[in-house]
Amino acid sequence: MAPVLEIQNLRKEFDAFTAVDTLNFQVEEGSFFSILGPSGCGKTTLLRMIAGFQEPTSGTLCIRGRDMSEVPPNRRPVNLVFQNLALFPMMNVQENIAFGLKRQGVGKDEIRKRVDAMLERVDLTGYGKKNISQLSGGQKQRVAIARSLVLEPSLLLLDEPLGALDLKLREQMKIELKKLQAEVGTTFMYITHDQSEALVMSDRVAVMNRGRFEQIDSPRNLYANPATRFVAGFVGETNILPVSVVSRSPLKVVTSFGLELQATQVNDSSSDELDLFIRPEAIILQHDGGGDDFNRFSLTVRNILFDGSNTKILATIGASDYELTVALPQNEQFAHIGKGDVIDAGVHLSSCRCYPREAA
Amino acid sequence: MKTHFRLGLFIFLTPVLLWLLLLIVVPHLELLMMSLQGKDDMGKAVWTFANYRHFFVEKIYWYTFVRTALYAITVTVLTFCVTFPVAFYITKVVSPKFSGFLTILLLMPFWVSELVRVYGWMILLRESGVINHLLVSSGLMDSPVEMLYNDISMLMGLVYTSMLFMVVPLISALEGMDDSLIEAAHDLGASPLTIFFRIIIPYAAPGITSGSIVVFMLALGNYLTPKLMGGKNSLWFTEQIYNEFIASFNWNQGAAFGFLLLALSSVIIWFGLKLSRQELGRALS
Ligand SMILES: Nc1ncnc2c1ncn2[C@@H]1O[C@H](COP(=O)(O)OP(=O)(O)OP(=O)(O)O)[C@@H](O)[C@H]1O
Ligand SMILES: [Mg+2]
């Protein structure tokens, strides 16, 4: 199937500053595509170029195979849900949603039908006559999405739409958005700096840093096989240990406090100074089995961070002061662990991922 | 608690009520009584509607009355047309760094009195004025023409003197408007024209209404500008009132005219509010 959005060598420069740096990617029809990146990495700039509010410095941007460079925002088959929603305060819910349809010259009865259907879809049946100021944060959110979705765009762009909501509502809207996307089948392009939003909702996630994409992958792959040091550090929780290479193939590294570990090299690099990344759940406590490819060490418990099913311990490794975060299995097996306990632990070499150290 | 609140309200409200009563209600009652009085053949004061009847019978009064109303409406519309682009430019186009400076620049002429400003225009426009001098000495015209003392110069003067009262509410209304509303409308398929009429104007409507009311009332009640810049034939209704009070010394007739003007402005403003579906309270708040 042809991609909905196809971007080639897209660049945006503000004076000497490059906000979006030579991007190449495609978004598949009907998918939920997220762009995840820290604040200021150029996400909004990219989205505004797709919507037509900003002109690329160079590069091409095709939607459904059509070049968009000469098309003004009101003629593009994409719609944008603004970060601050930008609902029209002088219109009620119905008029807000009908605004785009009226511009397309859709008939009155047809408009009423489609608006009502849309209201039902976003669970706001009966709210049509309400004023915008009478709605709660989550309801406004849904009106903003309905207003764009009712136009049946080729691509719906969402710029951190959950940013203004409180945590609880955000969790709820995350699930609702994913459901909604699956129901309507519209291609969503979702921007966020919250990795959990991106991982939960998306089919594919692009991790963006300093105007570039570091990796485009499925959430699972992104988490399990981060391609770069940045992705490994940005997506999901992780422990980082500075190490030096002892031997290559098979790779052996040693920490500054003398612990030798077998590890996996991710990026090719001739550098002997590496950073070792270990996920909290990759560290296995009191493991009896395991072969030669299993690293063993002892941990001294410093602190227990109880958080229901998400409980972790902070422990120092070996004789060092380096603190590791270790996720506890969900059974009660380790409920007896207390501060100061020394436990045997281990980690498989495939979970010890080494990346070249970043020049500070 | 409750009596406390009452007492506070009373204390704060008293000066306002006194002001309203002494300076507005009492004089108007006096004027109303005056307008309903006249002298009979014997020179004795009697109650009569003669002053009002007089207005409806004499054509010249009617003519001035309608003319004044129409011109005041024209001034209001023109003032809006002139100031809206300015307010829009200051609040939305220019960078916020300069908008404060530009606003001050805009308000600067209003630090001098209306009289001085009107004389300024007269110096520019009159037959021996600056513009005529430039045109003649540059050879564009053979002989100077009189640009003052006609309806157009009067309209221009009125628009100029009322601009401030329109531009300030417009700026404050537009300042409150989030730019993303415009972008959102554009994104949903609206053309610039639609954005103007469907988003910007409705959003600024309270500001437009309050500005229009003030400008309309000021134009209607203006005496100085029509007198100095208008021609012999451009009579303003306030001049009629002045004539009755001062020239003819007919206070009863003048009071009646004053009341008619009050009724006129009330009716037109009421009609305007109905037409634009605005509420007075909301527009002025
Ligand atoms: N109009 C502009 N002129 C100059 N620089 C700009 C302009 N717009 C954005 N930038 C810069 O481009 C960079 C990227 O901005 P952008 O708004 O795309 O970030 P973002 O990824 O959306 O961040 P956030 O998550 O905080 O919204 C920022 O460093 C910003 O300062
Ligand atoms: Mg942003």
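The name given to chain B in an unreviewed UniProt entry is Spermidine/putrescine transport system permease protein, with Desulfopila aestuarii DSM 18488 as the source organism. As stated in UniProt under Sequence similarities (unreviewed entry), the record for chain B gives "Belongs to the binding-protein-dependent transport system permease family. CysTW subfamily." What UniProt states about chain B under its Subcellular location (unreviewed entry) heading is, verbatim, "Cell membrane".

In the nomenclature of an unreviewed UniProt entry, chain A corresponds to Spermidine/putrescine transport system ATP-binding protein from the organism Desulfopila aestuarii DSM 18488.

K.L.:
Looking at this structure, I do not really get the domain arrangement of chain A. What am I missing?
P.N.:
Think of interface size as the accessible area that goes away when the parts come together; that is how it is often given. Residue and element names in this part refer to chain A. Here the domain parsing of chain A yields domain 1 (5-229) and domain 2 (237-356). Each of domain 1 and domain 2 has a C-alpha centre, and these two points are 39 Å apart. On the domain 2 side, the residues contacting the 8 residues of domain 1 number 10 residues. Across the domain 1/domain 2 interface, buried area totals approximately 740 Å², and carbon plus sulfur atoms make up 36% of it. Put simply, domain 1 and domain 2 have 1 salt bridge between them. Salt-bridge contacts for R229 lead to D275; the nearest nitrogen and oxygen are separated by 2.7 Å. The interface formed by domain 1 and domain 2 includes 6 residue pairs in polar contact (both at pLDDT 80 or more). With 3 residues, helix α7 (residues 219-224) is the single largest residue contributor to the side of domain 1 that touches domain 2. Considered class by class, the residues forming the side of domain 1 that touches domain 2 number 5 nonpolar, 2 polar and 1 charged.

K.L.:
I keep staring at the packing of aromatic side chains and nothing clicks. Help me out?
P.N.:
When we look at a pair of aromatic rings, we describe it by the centre distance and by the angle of the planes. Going through the model one piece at a time under the given rule, you end up with 30 aromatic pairs over all chains. Relative to Y322 of chain A, the ring of F257 of chain A lies with its centre 5.5 Å away and its plane at 35°, an arrangement referred to as tilted. With F257 of chain A in the loop between β12 (252-255) and β13 (260-262) and Y322 of chain A in the loop between β18 (312-317) and β19 (323-327), this residue pair connects regions lying 65 residues apart in the sequence. Ring plane angle 90° and centroid distance 6.4 Å describe the contact between W62 of chain B and F65 of chain B, whose orientation is recorded as edge-to-face. Taken together, the positions of W62 of chain B and F65 of chain B, both in helix α3 (residues 59-93) and 3 residues apart, correspond to about one turn of that helix. Relative accessible area serves as the criterion here: at 34%, W62 of chain B is assigned to the partly exposed category.

K.L.:
Explain the site of ligand 1 here, please?
P.N.:
Residue and element names in this part refer to chain A. Contacts to ligand 1 come from F14, F17, A19, S39, G40, C41, G42, K43, T44, T45 and E160. Note that an oxygen atom of ligand 1 is positioned 3.0 Å from one of the backbone N or O atoms of G42. In this structure, T45 approaches ligand 1 through a side-chain N or O atom, which is 2.5 Å from an oxygen atom. Notes on ligand 1: free accessible area 630 Å², of which the protein chains cover 60%. Counting residues per element, the ones that place at least two in the shell around ligand 1 are β2 (17-27) and α1 (43-51). The residue makeup of the shell around ligand 1, split by class, is 4 nonpolar, 5 polar and 2 charged.

K.L.:
Which parts of the structure should I look at to understand helix α2 (residues 50-57) of chain B?
P.N.:
Residues and elements named next belong to chain B. For α2, the set of buried residues is N51, Y52 and F55. For α2, the arc enclosing every buried residue in end-on projection is 100°, short of the 170-degree limit, so these residues lie on one face. Seen from the buried face of α2, the exposed residues on the opposite side, beyond 90 degrees, are R53 and V57.

K.L.:
What exactly am I supposed to notice about the UniProt feature "domain: ABC transporter" (unreviewed entry) in chain A here?
P.N.:
The feature "domain: ABC transporter" (unreviewed entry), as given by UniProt, occupies residues 5-235 of chain A in the numbering adopted here. Span residues 5-235 of chain A is 36% helix and 26% strand, its end C-alpha atoms 25 Å apart.

K.L.:
Teacher, can you tell me more about the sheet that holds strand β20 (residues 342-348) of chain A here?
P.N.:
Adjacent strands of a sheet form backbone hydrogen bonds with each other and so pair up, either parallel or antiparallel. Residues and elements named next belong to chain A. Spatial ordering of the open sheet is given by β16-β20-β17-β18-β19, a layout of 5 strands whose pairing is antiparallel. Each end of this open sheet is capped by a strand with a single partner; those strands are β16 (284-285) and β19. In the sheet, strand β17 (residues 294-305) pairs with β20 via 7 bridges, with the strands oriented antiparallel. Opposite N295, over in β20, you have V347 as the bridge partner.

K.L.:
How should I be thinking about the interface of chain B and chain A in this particular structure?
P.N.:
Contact residues are listed per partner, giving 17 residues for chain B and 22 residues for chain A. Taking both sides of the interface into account, the surface hidden between chain B and chain A amounts to around 1,700 Å²; carbon and sulfur atoms contribute 65%. A per-residue breakdown of the area chain B buries against chain A is headed by E183, D187 and L188 of chain B, which together make up 40% of the total. There are 1 salt bridge connecting chain B and chain A. Our count for the chain B to chain A interface comes out at 7 residue pairs in polar contact (both at pLDDT 80 or more). Sorting the residues of the side of chain B that touches chain A by element identifies α8 (179-187) and α9 (192-221) of chain B as the ones contributing at least two each. The greatest single-element share of the side of chain B that touches chain A, amounting to 7 residues, is contributed by α8 of chain B.

K.L.:
Looking at this structure, I do not really get the domain arrangement of chain B. What am I missing?
P.N.:
All names here are of chain B. Split by domain assignment, chain B resolves into domain 1 (1-35) and domain 2 (54-284). Look at where the C-alpha atoms of domain 1 and domain 2 centre, and you get two points 31 Å apart. In this complex, domain 1 contributes 5 residues to the contact, which on the side of domain 2 involves 7 residues. Overall, the association of domain 1 and domain 2 removes approximately 540 Å² of surface from exposure, summing both partners, and the carbon and sulfur fraction of that is 81%.

Conventions used here
- Residues numbered from 1 in each chain as written.
- Chains lettered and ligands numbered in written order.
- Predicted model: local features only at pLDDT ≥ 70, side-chain atom pairs only at ≥ 80, totals over all residues.
- Heavy atoms only, no water.
- UniProt positions renumbered as here; feature names shortened; annotations may be inferred.
- Domains from an automatic or database assignment.
- Contact = heavy atoms within 4.5 Å.
- Buried area = accessible area lost by both parts, 1.4 Å probe.
- Salt bridge = Lys/Arg side-chain N within 4 Å of Asp/Glu carboxyl O.
- Polar contact = N/O pair within 3.5 Å; in protein donor to acceptor, adjacent residues only side chain to side chain.
- Helix = DSSP H or I, 4+ residues; strand = E, 2+ residues; numbered from the N terminus.
- Nonpolar A, V, L, I, M, F, W, Y, C, P; charged D, E, K, R; others polar.
- Phe/Tyr/Trp six-rings, centres within 6.5 Å; stacked < 30°, edge-to-face > 60°.
- Buried < 20%, exposed > 50% of the residue type's maximum accessible area, 1.4 Å probe, protein only.
- Near = heavy atom within 4 Å.
- Areas by Shrake-Rupley, 256 points an atom, 1.4 Å probe, with all protein chains shown as cover.
- Arc of directions from axis to C-beta.
- Pairing = 2+ DSSP bridges.

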